[in-house]
Amino acid sequence: MRRYVIKRLAQAVGVLWAAYTVSFLVLDFLPGDPVTAMAGAGMDSGQVDPAQLAALRHEYGFDKPVLVQYAEYLGRAVRGDFGDAVSSGRPVTSVIGDALPQTLQLTGAALLLAVVLGGGLAMVATYTSRRWLRQLLLSLPPLGVSVPTFWVGLLLVETFSFRLHWFPAFGNDGLRGLVLPALTLAVPTGAQVAQVLAKSLLTALDQAYVETARAKGAGRRRVHLRHALRNASLPALTVVGLLVGQLIAGSVVVETVFSRDGLGRVTAAAVTAQDIPLVQGVVVFGALIFVATNLIVDLVYPLLDPRIVVASDRRASFA
């Protein structure tokens with residue numbers, strides 16, 4: 001078990017380093033100059049004092065070679081210091097910290113709705129004995145996956161805000177203002193959970209151990225919940241871990257559609273302004289959440305199926 005945990009921790013560190021490096025290279029290759037945009041507020045670089053530009057480039061280290069910039073930024077990032085945002089002059093950690101609560105609230109609510117709705121749909125679809133109902137329910141997840149997130153958001157706003165006036169259309173208005181954005185994020189996410197869990201449940205229900213449980217007199221509910229669900233939940237658990245990153249990325253679109261303050265809008269504004277320190281801070285933070293979630297999933301796996309640790313040890317011994 002210790003070897004299994006150490007291996008997962010090493011992989012997590014590698015993912016964080018890769019996310020930081022790729023974001024740095026992509027931003028460095030983008031055309032334009034974030035210092036010119038900040039100093040001139042969108043004016044052409046010829047209308048800005050060259051001495052002022054040079055001073056700002058020196059202050060943020062943009063006048064140094066790319067490899068030197070990368071090494072310095074990476075060294076500070078390891079210590080948790082991402083510098084100051086170019087657009088506002090505030091520390092990157094402060095900007096992220098101010099926007100983080102709203103985004104965590106949104107993604108947490110969306111993940112909870114996705115697991116409850118997607119898991120419930122898969123359970124009902126595989127439990128019912130009515131063929132037409134099963135086919136109807138199993139046809140819903142592909143539809144939910146294929147619908148664009150922004151279209152779901154606009155449809156919910158049009159229906160429940162403008163027509164029924166049940167929920168506010170925009171802003172961070174407490175719990176009522178959270179319902180529609182969370183549903184918008186939860187629809188495609190829950191659809192993927194339902195797809196994977198339903199397929200796994202149908203496969204598990206055809207296994208020999210399920211037939212054995214039925215032969216011993218176990219009822220349909222006991223077979224479904226205790227025998228089939230435990231084994232079928234592993235692929236769904238993997239998907240939930242991966243979907244955390246999708247939820248964070250989707251918050252950029254959802255927070256823009258619903259005009260919510262949060263990390264998504266901060267990211268969109270930072271990319272537009274080519275604010276390298278802020279974008280890298282957001283990318284690393286998003287990767288950290290993604291890695292932490294998947295690490296938790298990896299550690300939960302052996303509790304559900306101890307054979308995973310045994311198989312990992314065997315591969316390590318052969319290697």
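The structure presented is a predicted model; accordingly, all values stated were derived computationally and were not measured.

Re the overall build of the protein
Phase 1 of the analysis: For the protein, the count of helices and strands is 14 helices and 0 strands.
Phase 2 of the analysis: When the helices and strands of the protein are listed from N to C terminus, the series reads α-α-α-α-α-α-α-α-α-α-α-α-α-α.
Phase 3 of the analysis: Surface accessibility of the protein: about 17,300 Å² in total, with carbon and sulfur atoms responsible for 66%.

Looking at the pattern of salt bridges
Phase 1 of the analysis: This model, assessed by the stated rule, comprises 3 salt bridges.
Phase 2 of the analysis: Two residues, R90 and D98, come together in a salt bridge whose shortest N-O distance is 2.3 Å.
Phase 3 of the analysis: The class for D98 is exposed, based on a relative accessible area of 53%.
Phase 4 of the analysis: In this structure, E158 and R163 form a salt bridge, with 3.3 Å as the shortest nitrogen-oxygen distance.
Phase 5 of the analysis: Here R163 falls in the exposed class, since its relative accessible area comes to 60%.

What to know about helix α12 (residues 263-272)
Turn by turn, an α-helix covers 3.6 residues, leaving residues three or four places apart pointing in a common direction.
Phase 1 of the analysis: Those residues of α12 not exposed but buried are L263, G264, V266, T267 and A270. Angular distribution of buried residues about the axis of α12 spans 160 degrees; they occupy a single face of the element.

Quick notes on the environment of L27
Phase 1 of the analysis: Of note, L27 is situated in helix α1 (residues 2-29).
Phase 2 of the analysis: Separated by 249 residues in sequence, L27 and I276 place their C-alpha atoms 6.6 Å apart.
Phase 3 of the analysis: In contact with L27, not counting residues within four places along its chain, are I276, V279 and Q280.

Here we look at a nonpolar patch on the surface
Phase 1 of the analysis: Taken together, the side chains of F150, W151, L154, L155 and V253 present a nonpolar region at the surface, about 470 Å² in accessible area.
Phase 2 of the analysis: Of all the elements, helix α8 (residues 149-163) adds the most residues to the nonpolar patch, at 4 residues.
Phase 3 of the analysis: Structurally, the position occupied by L155 is in helix α8.

As for the packing of aromatic side chains
Phase 1 of the analysis: Within the structure shown, the criterion is met by 3 aromatic pairs.
Phase 2 of the analysis: On the basis of an interplanar angle of 50 degrees and a centroid distance of 6.2 Å, the ring pair of Y20 and Y70 is categorised as tilted. Pair noted here: Y20 is in helix α1 and Y70 is in helix α4 (residues 66-78), with a separation of 50 residues, a long-range link.
Phase 3 of the analysis: What makes Y20 buried here is its relative accessible area of 2%.

Observations concerning the side chain of T103
Phase 1 of the analysis: With respect to the secondary-structure elements, T103 resides in helix α5 (residues 92-127).
Phase 2 of the analysis: Since its relative accessible area comes to 3%, T103 is described here as buried.
Phase 3 of the analysis: Dropping the residues within four chain positions of it, T103 is found in contact with S251, E255, G262, L263 and G264.

Concerning the side chain of E255
Phase 1 of the analysis: Following the sequence through the fold, E255 ends up in helix α11 (residues 220-257).
Phase 2 of the analysis: With no salt bridge to any partner, buried E255 finds its closest opposite charge in R260, at an N-O distance of 5.4 Å.
Phase 3 of the analysis: A distance of 3.1 Å separates a polar atom in the side chain of E255 from the backbone nitrogen of R265.
Phase 4 of the analysis: Non-local contacts of E255, meaning those with residues more than four positions away in its chain, are made with T103, L106, R260, D261, G262, L263, G264 and R265.

Overview of the confidence of the model for the protein
Any region with low pLDDT has predicted coordinates that should not be read closely.
Phase 1 of the analysis: On average, residues of the protein score 76 in pLDDT, and 85% of them reach the 70 mark or higher.
Phase 2 of the analysis: Averaged pLDDT values over the elements of the protein bottom out at 48 in helix α14 (residues 307-318) and peak at 86 in α5.
Phase 3 of the analysis: Low pLDDT, under 50, characterises residues 41-45; the predicted model gives this stretch 6 contacts beyond four residues in sequence or across chains.
Phase 4 of the analysis: Across residues 314-319, confidence stays below pLDDT 50; counting only partners more than four residues off in sequence or on other chains, it has 1 contact.

Let's talk about the packing of α8 against helix α9 (residues 176-204)
Phase 1 of the analysis: Interaxial distance between α8 and α9 falls to 9 Å at its minimum, and their mutual angle equals 140 degrees. When the axes of α8 and α9 are compared, the pair comes out oblique. Once α8 is placed against α9, the crossing between them reads as right-handed. Two secondary-structure elements touch here, α8 through T149, V152, G153, L156, V157, F160 and S161 and α9 through L180, L183, T184, V187 and P188.
Phase 2 of the analysis: Of the residues assigned to the contact of α8 with α9, the class counts are 8 nonpolar, 4 polar and no charged.

Basis of the calculations
- Numbering of residues starts from 1 in each chain and follows the order in which that chain's sequence is written.
- With pLDDT at 70 or above as the cut-off, local features in this predicted model cover only qualifying residues; side-chain atom pairs require 80 or more to be listed or tallied, and sums for whole chains, interfaces and linings still use all residues.
- Excluded from the side-chain calculation are hydrogens and water; included are all heavy atoms of the structure.
- Under the DSSP-based scheme used, a helix requires at least four consecutive residues in state H or I and a strand at least two consecutive residues in state E, with every element numbered from the N terminus.
- Per-residue and other accessible areas were derived by the Shrake-Rupley procedure at a 1.4 Å probe size, with only the shown protein chains allowed to occlude residues.
- For this analysis, a salt bridge means a side-chain nitrogen from Lys or Arg found within 4 Å of a carboxyl oxygen belonging to Asp or Glu.
- Using a 1.4 Å probe on the protein chains alone, a residue whose accessible area is under 20% of its type maximum counts as buried, one over 50% counts as exposed, and one in between counts as partly exposed.
- Picture the helix axis, draw a direction to every C-beta atom, and the arc is the one those directions span.
- Pairs of residues are marked as contacts when any of their non-hydrogen atoms sit within 4.5 Å.
- Like-charged residues within 9 Å of one another, or nonpolar side chains (Val, Leu, Ile, Met, Phe, Trp, Tyr) within 5 Å, are grouped into patches, provided each residue has over 30% relative accessible area and no salt bridge.
- Whether two aromatic rings pair depends on their centres lying within 6.5 Å, for rings of Phe, Tyr and Trp, where Trp uses its six-membered ring; planes under 30 degrees apart make the pair stacked, over 60 edge-to-face, and the rest tilted.
- Here the positive residues are Lys and Arg and the negative ones are Asp and Glu; neither His nor the chain ends is included.
- Definition of a polar contact: a pair of N or O atoms within 3.5 Å, with one able to donate and the other able to accept a hydrogen when the atoms are protein atoms, and with sequence-neighbouring residues admitted only if both atoms are side-chain atoms.
- pLDDT measures how confident the predictor is about each residue, on a scale from 0 to 100.
- For every element, the axis is a line fit to its C-alpha atoms; helices are fit only across the contacting stretch, and the angle between N-to-C directions ranges from 0 to 180 degrees.
- Small angles under 35 degrees read as roughly parallel and large ones over 145 as roughly antiparallel, with 65 to 115 read as roughly perpendicular and the rest as oblique.
- By definition, any crossing whose near helix is turned counterclockwise from its far helix by less than a right angle is left-handed, and any crossing with a clockwise turn is right-handed.
- Only Asp, Glu, Lys and Arg are considered charged in this grouping, and only Ala, Val, Leu, Ile, Met, Phe, Trp, Tyr, Cys and Pro are considered nonpolar; every other residue, Gly among them, is considered polar.

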